[in-house]
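# Structural characterization, general
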Amino acid sequence: MKVLYGIAHTSILAVLKALFHFRVYGQHNVPRGKAIIAANHQSYIDPTVVGVGVPEEMWYLAREDVFTFAPLRWLCLRVNTILIKKRHADRSAMKAVLRKLAEGKRVLVFPEGTRSHDGRL
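Scope of this entry: the structure provided in the associated data block. Keep in mind that this is a model prediction, so the values were computed, not measured. (Residues numbered from 1 in each chain as written. Predicted model: local features only at pLDDT ≥ 70, side-chain atom pairs only at ≥ 80, totals over all residues. Heavy atoms only, no water.)

### Some remarks on the pairing of strand β2 (residues 58–63)
The condition that has to hold: Relative accessibility under 20% of the residue-type maximum defines a buried residue, over 50% an exposed one, and the middle range a partly exposed one, all with a 1.4 Å probe and only protein chains included. Under the DSSP-based scheme used, a helix requires at least four consecutive residues in state H or I and a strand at least two consecutive residues in state E, with every element numbered from the N terminus. Pairing between two strands requires that DSSP report at least two bridges joining them. The definition of a right-handed crossover adopted here requires that, viewed with the strands pointing away, the path from the first strand over the helix to the second runs clockwise.
Of all the six residues making up β2, six are buried; the element is thus mostly covered by neighbouring parts of the structure. Of the two faces of β2, the one holding Met58, Tyr60 and Ala62 and the one holding Trp59, Leu61 and Arg63 are both buried throughout. Relative to strand β4 (residues 106–109), β2 runs parallel, the two being bridged by three bridges. Each bridged residue has a counterpart across the sheet, and for tyrosine 60 the counterpart in β4 is leucine 108. Of the pairings in the sheet, the one linking β2 to strand β3 (residues 81–84) comprises four bridges and is parallel in character. Paired with leucine 61 across the bridge in β3 is isoleucine 82. Traced from β2 through helix α3 (residues 70–78) to β3, the parallel crossover comes out right-handed.

### Some remarks on helix α1 (residues 3–20)
Basically, it comes down to this: Expected helix span is taken as 1.5 Å per residue step, with the number of steps being one fewer than the number of residues. Starting at the helix axis, one direction is taken to each C-beta atom, and the arc is that of these directions. The contact definition used throughout considers only heavy atoms, calling two residues in contact when any of these lie within 4.5 Å.
For α1, spanning 18 residues, the distance from its first C-alpha to its last is 25 Å, which sits close to the expected 26 Å at 1.5 Å a residue. Those residues of α1 lying buried are Tyr5, Gly6, His9, Leu13 and Leu16. Buried positions in α1, seen along its axis, are confined to an arc of 110 degrees and lie on one side of it. Seen from the open side of α1, the exposed residues pointing more than 90 degrees away from its buried face are Val3, Ala18 and Leu19. If you follow the buried residues of α1, they end up packed against α2 (46–53) and β2. The positive-phi residue at the C-terminal boundary of α1 is histidine 21, with phi of around 50 degrees.

### A closer look at the sheet that holds β3
For clarity, the threshold we go by: Comment: axis = line fitted to C-alpha atoms, over the contacting stretch for helices; angle = value between 0 and 180 degrees taken between N-to-C directions.
Overall, parallel pairing links the four strands, which are arranged β1-β4-β2-β3 in an open sheet. Edge positions in the sheet fall to β1 (35–38) and β3, since each of these pairs with one other strand and no more. Geometrically, the sheet is characterised by an average inter-axis angle of 25 degrees between neighbouring strands, direction not taken into account. The strands touched by helix α4 (residues 91–102) are β1, β2, β3 and β4; relative to β3, the strand with the most contacts, the crossing angle is about 155 degrees.

Dropping the structure here:
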């Protein structure tokens, strides 16, 4: 596990537990080893909450256009984010996902591709 990822994971989990009484149910259902974790996307904090809900390291597939703010882009690239170009079939991003799966890693994807603004999937 990358050091920055571990620090972020532990810190964010502690804050969520302290401020919001964050609890994870069904964690035993998350597969060990390689897996694609597909989650619903209704909030900006979904990647963070899903990420700290899984105790082992995970990689995140995210749209590149979300990270136009340079400091955020720098941070995300250091905490396991695979950027994908939205406008066309991004083969390099898909190859990166396949590499992570071949390495036995978990990859988080949001099949909707964006947040739901009205709460419906």
